[in-house]
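Here is how the chains run, residue by residue.
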Amino acid sequence: MITARAAATFEPVGRSVATARGFVRDTLQGWGLGDVVDDAVVLTSELVTNAVVHAGTAVEVLCLREEDSVRIEVVDRYPERELPLQDPGQQFASPDREGGRGLLLCAALATRWGADYTAADKRVWFRLALPERPVGTRTAGPALPDSALPVAETRVHVAVVQVDRGGAISSWNEDAQSLFGYPAEQVVGKPLTDLAAWPHTPGTGTGIAEALQLSRWEGSYGVRGSDGRTVPVYASHLRVRDSDGEPSTVCLLVRDHERAVLQSPLRAPAPDAASQQEGESAVDPFEVFIGSPPPDDLDGLLQRTVERARDMLDGDAAYLLLATDDETELEVRASTGLPSARQRFARVPVEAGSGRYGSARMPSVHEDLTIVPGAVPLLAGTGMRAVVTVPLKVEGRLTGSLGVATESPGRYSNEEALRLQFAADRIALAVERARLTELERLRRGSLSFLVEASDLLAGTLDRDQTLALMAQMTVPTLATWCAVYTVADQGSDPRLSYVLHEDEDRIDSLKALLAKVDPPDPVPTPGARVWTAPTDAAHSAALRTSLRNVVMGADGHGLAPGTSLATAAAVGGETVVLPLVARNRVIGMLTLGKPAEERFRQEILELAEDLSRRAALALDNARLYSERTAISQSLQRSLLPPELPEVTGGVEVEVIYRAAGEGNEVGGDFYDLFEIRDGTYGFAIGDVCGTGPEAAAVTGLARHALRLLAREGLGGPAVLERLNTAILDEGARSRFLTLLYGELRPQPDGSAELKVVCAGHPLPLRLRQDRSVEPAAEPQPLLGVLEDLELYEQTVVLEPGDVLLCVTDGVTERREGTRMLGDDGLVEVLTTCTGLTAGAVAARVMRAVERFASDAPSDDMAILAMRVPK
């Protein structure tokens, strides 16, 4: 059921959009629907813009109040216009683009929406659900002491004046007579406009006649009394209709200093009446221009400012720029009537030329921009002909610039410049306060971002991971896409190392595009510099794709608009390059980009510069660590034996080696298997005290000495005694060493003979076919401690199917809390290996060791298994 209705028709001109917004706002406020006003105004603005700007027709706006919702219909005279439905496969360059945005917003904000077509018009409608309100108090204020209450006369007079459809007074009560001195019979039938003294205040575009036609209005004006003096009043107008449907307006009037009796709680409190002189109006110029309550956020305040400035001078467009900290540039922060996506965050110099008209510090009027091309770069290509600009100043310091433009030349003069300057002076301080508040918020966010970034970058020394972190921290927080170039050494060309886009489907095409573009020059100059090569390449590729589609599309073999067009939209905005400088050398470049028609904010560029300095140092640290690790691993690999030789006679030999510590390939444990002479092989497994490079040095000494001495024909005891002497000769660098050394000789009968010397090492274990396990040698003194050693060798014969297992103490001393695997645990594992190959035995032992504890091993481990096949 429709309980209220309001309609208005607007001409196909740009200023109709603002008028339609005001009509919807006033209507819904008059109906008490303040909760849905903002959404309704936004949607109406977009739909009316589509009609009067894009379709170019007159438009009718209809507001319908229903029981639980409000329905707004926008009717234009262009029924052929298609709905811009969003195809899941369609890609939009930016949600800020003008075309088709209204219906997408309807889908996002409205409870329901739709479009109805007839032969003569198209009707787009949307419905907003009304919030449920509890029955009871609408507004209330706290109890106040008497001294804090508003001041009023002993007898408060509330004049009730009713005005008919034509604006004539139809009712005049006794309080009205007391306030203004006219008896009812003297004023009934006369227009209220004959008595009202309407204030001509900048920003006020509504007269008393227009105010009486609004569904609800509240504000200040004057009423001329019978004595000729003007009585300042505060008024609340409400448009009503009687049972026959005849409309009229009820006006409640009180003395202006008694405005608290009628004033809406949403408005700012009136000034203390004691500070005002009799007959003065309490109108706040800032409130008149911006409206009450003013927006809390900077963007909202700036947008409200440009809209009011445009309406005040009846312009087609308006824009507001804020000055940078050094006052050398101005940055576009809000605009209306202009392609905002293209203009937002664009920067222009404060001093664009000599003289008054080239400086943003002075008001200026351009009657026709075609006479002076390029005088206002922001308006190039927009169709604007006349423009007036004024500075925003706080305590003599330039903080911004406000401009209003129109498509008609000669529209503005110094009079409009003075009116606009008056308004700019009223809002400059509020804008500066909001800007500083936003700047403080951004700085806090930037500090938090940089702290988190530093922690992440410091948490890794891997070069590839550092590159990935750099990109992931910038996308999408700072930019839409990012590319990192690295410079290997001074004089080498930059190389594209990492590419990231907020849309993963765009990464490959972006990478292909950048691969075809010459990389930016590795210039060490700090700060961000603009790089146009990706945008130019993307546009060229898009043009070639479009031409191929046009030429080849007629015969059905054309190429569909794809990668080139989408990539052009993805990288078509501003692109900047920041050098990555570490230790006085350029090691790479961080490239950030925006999609088509978007620019970077100055604060974002400053934050990106801070991030690039931290990222450069982290990347260089990762490079140095990688180089050091590569050198270390190369040296360590030289300590490992080459591939194990194939033993004659079919004897199976398997080795598993694990070095403890990140980046270590060789530690204190070592192994070796080598051929001494035909049919005889030497094998060794040992453990140097400690881990790391120092232990690895003794490992190399021991392995090479064993091979050299054994091939000289020395027996096992003599080999180990000479090795002991070599270790002691190292002096302070010496480390004691446990070593199991033996010689293996396969026998013609299928067995194998081993001569073993166990110098302080865990004893080798022999597994027989009957699953019995026994030590295969006796313990003897370790090496590197005593000068005179008397060692002896023992002979062991492995029958077919027998296994000899040799391990280092990293296996037997594997711990989980107070538990240790130990010799008994190793024997228990080995008894389950009967019938397994040497490789399977070594693997089963290693799995048992790893599963014994949840923590990573803290000691080096080596396992040597030999098996004589059956």
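Residues numbered from 1 in each chain as written. Predicted model: local features only at pLDDT ≥ 70, side-chain atom pairs only at ≥ 80, totals over all residues. Heavy atoms only, no water.

1. Considerations on the overall build of the protein
- Counting its secondary structure elements, the protein contains 20 helices and 34 strands.
- Scored against the burial criterion, the 870 residues of the protein give a buried share of 47%.
- Within the protein, residue pairs in contact and separated by at least 24 positions form 62% of the contacts whose partners lie at least 6 positions apart.
- Surface accessibility of the protein: about 42500 Å² in total, with carbon and sulfur atoms responsible for 50%. (Helix = DSSP H or I, 4+ residues; strand = E, 2+ residues; numbered from the N terminus. Buried < 20%, exposed > 50% of the residue type's maximum accessible area, 1.4 Å probe, protein only. Contact = heavy atoms within 4.5 Å. Areas by Shrake-Rupley, 256 points an atom, 1.4 Å probe, with all protein chains shown as cover.)

2. Observations regarding the sheet that holds strand S2 (residues 59-66)
- Spatially, 5 strands are ordered S1-S2-S3-S5-S4 in an open sheet, and the strand pairing comes out antiparallel. The two strands at the open ends of the sheet, each matched to only one other strand, are strand S1 (2-10) and strand S4 (112-117). Strand-to-strand twist in this sheet, taken as the mean axis angle between neighbours without regard to direction, amounts to 15°.
- As paired strands, S1 and S2 are joined by 8 bridges and run antiparallel to one another. Each residue of the ladder has a partner; that of Arg5, found in S2, is Leu64. (Pairing = 2+ DSSP bridges. Axes fitted to C-alpha atoms, helices over the stretch in contact; angles between N-to-C directions.)

3. What about the packing of aromatic side chains?
- Within this structure, the stated rule accounts for 5 aromatic pairs.
- Taking the centre distance of 6.4 Å and the plane angle of 70° together, the rings of Trp172 and Tyr182 count as edge-to-face. With a gap of 10 residues between them, Trp172 in strand S7 (residues 169-172) and Tyr182 in the loop between helix H4 (174-180) and helix H5 (184-187) connect regions that are remote in the sequence. With respect to class, Trp172 is no different from Tyr182; both count as buried.
- Taken together, a centroid distance of 5.9 Å and an interplanar angle of 50° make the contact between Tyr657 and Tyr671 tilted. Linking Tyr657 in strand S23 (residues 652-658) with Tyr671 in strand S24 (residues 669-677), this pair joins segments that are 14 residues apart in sequence. For the residue pair Tyr657 and Tyr671, the accessibility class agrees, reading buried in each case.
- Connected via pairs of aromatic rings, a cluster forms that spans Trp172, Phe180 and Tyr182.
- Here Arg71 stacks its cationic end above the ring of Trp125, 4.3 Å away from the centre of that ring.
- Taking NZ or CZ as reference, Arg819 lies 4.4 Å from the ring centre of Phe852, over its face. (Phe/Tyr/Trp six-rings, centres within 6.5 Å; stacked < 30°, edge-to-face > 60°. Lys NZ or Arg CZ within 6 Å of the ring centre and 35° of its normal.)

4. Some thoughts on the sheet that holds strand S16 (residues 386-394)
- In spatial order, the strands read S14-S13-S12-S17-S16-S15; together these 6 strands make up an open sheet with antiparallel pairing. With one partner strand each, in any of the chains shown, strand S14 (347-349) and strand S15 (364-366) form the two edges of the open sheet. The mean inter-strand angle of the sheet, taken between neighbouring strand axes irrespective of direction, is 25°.
- Relative to strand S13 (residues 329-336), strand S12 (residues 317-323) runs antiparallel, the two being bridged by 6 bridges. In the strand pairing of S13, Ala323 is matched with Leu330.
- Of the strands in this sheet, S12, S13 and strand S17 (397-406) touch helix H8 (residues 298-312), which is tilted by about 70° from S13.
- Its contacts with the sheet put helix H10 (residues 414-458) on S12, S13, S15, S16 and S17, and the angle it makes with S16 is roughly 45°.

5. Details of the environment of Gly839
- For Gly839, the location among the structural elements is in helix H20 (residues 838-852).
- Placed 184 residues apart in sequence, Gly839 and Val655 show a C-alpha to C-alpha distance of 7.8 Å.

6. Some remarks on the pattern of salt bridges
- Tallying each qualifying case throughout the model produces 26 salt bridges.
- Between Glu432 and Arg397 there is a salt bridge, with the nearest N and O atoms lying 2.8 Å from each other. You can see Glu432 sitting in helix H10 and its partner Arg397 sitting in strand S17, a full 35 residues away along the chain.
- Taking relative accessible area as the criterion, Arg397 reaches 34% and is therefore assigned partly exposed.
- One salt bridge in this structure joins Arg463 and Asp464, with 3.4 Å as the shortest N-O distance.
- By relative accessible area, Arg463 is classed as partly exposed at 24%.
- One connected set of salt bridges, linked through shared partners, spans Arg71, Glu73 and Arg123. (Salt bridge = Lys/Arg side-chain N within 4 Å of Asp/Glu carboxyl O.)

7. Description of unusual backbone geometry
- Following Val475, the chain continues into Pro476 via a peptide bond in cis, with omega recorded as 0°.
- If you trace the backbone, Pro476 turns up in the loop between helix H11 (463-474) and strand S18 (481-486).
- Of note, the phi angle at Asp314 is positive, near 55°, even though the residue is not glycine.
- Looking at the element boundaries, Asp314 is found in the loop between H8 and S12.

8. Overview of the pairing of strand S34 (residues 861-867)
- Most of S34 is tucked away: 7 of the 7 residues are buried.
- Because side chains alternate across S34, one face comprises the buried residues Met861, Ile863, Ala865 and Arg867, and the other comprises Ala862, Leu864 and Met866, equally buried.
- Direction of pairing for S23 relative to S34: antiparallel, over a ladder of 7 bridges. The partner of Val653 across the bridge, within S34, is Met866.
- Two elements, strand S31 (residues 803-807) and S34, share 5 bridges in a ladder whose sense is antiparallel. Within S34, the position partnered with Val807 by the bridge is Ile863.

9. With respect to the side chain of Arg766
- For Arg766, the position within the fold is in strand S28 (residues 765-767).
- Owing to a relative accessible area of 9%, Arg766 belongs among the buried residues under this scheme.
- Separated by 2.5 Å, the side chain of Arg766 and the backbone oxygen of Val797 make a polar contact.
- Non-local contacts of Arg766, meaning those with residues more than four positions away in its chain, are made with Ser772, Val773, Glu774, Ala776, Val796, Val797, Leu798, Glu799, Asp802 and Val803. (Polar contact = N/O pair within 3.5 Å; in protein donor to acceptor, adjacent residues only side chain to side chain.)

10. A closer look at the packing of H8 against H10
- Viewed as axis vectors pointing N to C, H8 and H10 meet at an angle of 170°, and their least axial separation amounts to 9 Å. When the axes of H8 and H10 are compared, the pair comes out roughly antiparallel. Across from Leu298, Asp299, Leu301, Leu302, Thr305, Ala309 and Met312 in H8, the residues of H10 making contact are Arg419, Leu420, Ala423, Ile427, Ala430, Val431, Ala434, Arg435 and Glu438. (Parallel < 35°, antiparallel > 145°, perpendicular 65-115°, else oblique.)

11. Let's talk about the pairing of strand S21 (residues 575-582)
- Counting buried positions along S21 gives 7 out of 8 residues, so the element sits mostly inside the fold.
- What sits between the antiparallel neighbours S21 and strand S22 (residues 585-593) is a turn of 2 residues, in which Arg583 has the positive phi angle 55°.

12. Let's talk about a nonpolar patch on the surface
- Among the surface-exposed residues, Phe736, Val785 and Leu786 lie close enough to one another that they form a single nonpolar patch of about 260 Å² accessible area.
- Inspection of the secondary structure assignment puts Phe736 in the loop between helix H17 (716-728) and strand S26 (737-746). (Patch = residues over 30% accessible without salt bridge, like charges linked within 9 Å, V, L, I, M, F, W, Y side chains within 5 Å.)

13. As for the packing of helix H19 (residues 822-830) against H20
- At a closest axis distance of 10 Å, the pairing of H19 and H20 adopts a crossing angle of 135°. When the interaxial angle is binned, H19 and H20 end up oblique. Helix-helix and strand crossings are classified by hand; for H19 and H20 the assignment is right-handed. Residues Leu826, Val829 and Leu830 of H19 lie in contact with H20, whose contacting residues are Val841, Arg844, Val845 and Ala848.
- Classifying every residue of the contact of H19 with H20 gives 6 nonpolar, no polar and 1 charged. (Left-handed = near helix turned anticlockwise from the far one by under 90°. Nonpolar A, V, L, I, M, F, W, Y, C, P; charged D, E, K, R; others polar.)

14. Quick notes on the side chain of Ser248
- Counting through the fold element by element, Ser248 comes out in strand S11 (residues 247-255).
- Overall, Ser248 belongs to the buried group, its relative accessible area being 10%.
- Looking at Ser248, its side chain comes within polar contact range of the side chain of Gln162, at 3.0 Å.
- Among residues more than four places away in sequence, those in contact with Ser248 are Gln162, Val163, Asp164, Leu238, Arg239 and Val240.

15. Remarks on the environment of Val431
- Inspection of the secondary structure assignment puts Val431 in helix H10.
- Measuring from C-alpha to C-alpha, the distance between Val431 and Asp297 comes to 9.7 Å, with 134 residues separating the pair along the chain.
- Once residues within four sequence positions are removed from consideration, Val431 is found in contact with Leu298, Leu301, Leu302, Leu322 and Leu392.

16. A few points about H20
- With 15 residues, H20 should cover 21 Å at 1.5 Å per step; its first-to-last C-alpha distance of 21 Å lies within 8% of that length.
- Along H20, the residues that are buried comprise Ala838, Val841, Ala842, Val845, Met846, Val849 and Phe852. In an axial view of H20, the angular spread of the buried residues amounts to 130°, which keeps them on one side of the axis. (Expected span 1.5 Å × (residues − 1). Arc of directions from axis to C-beta.)

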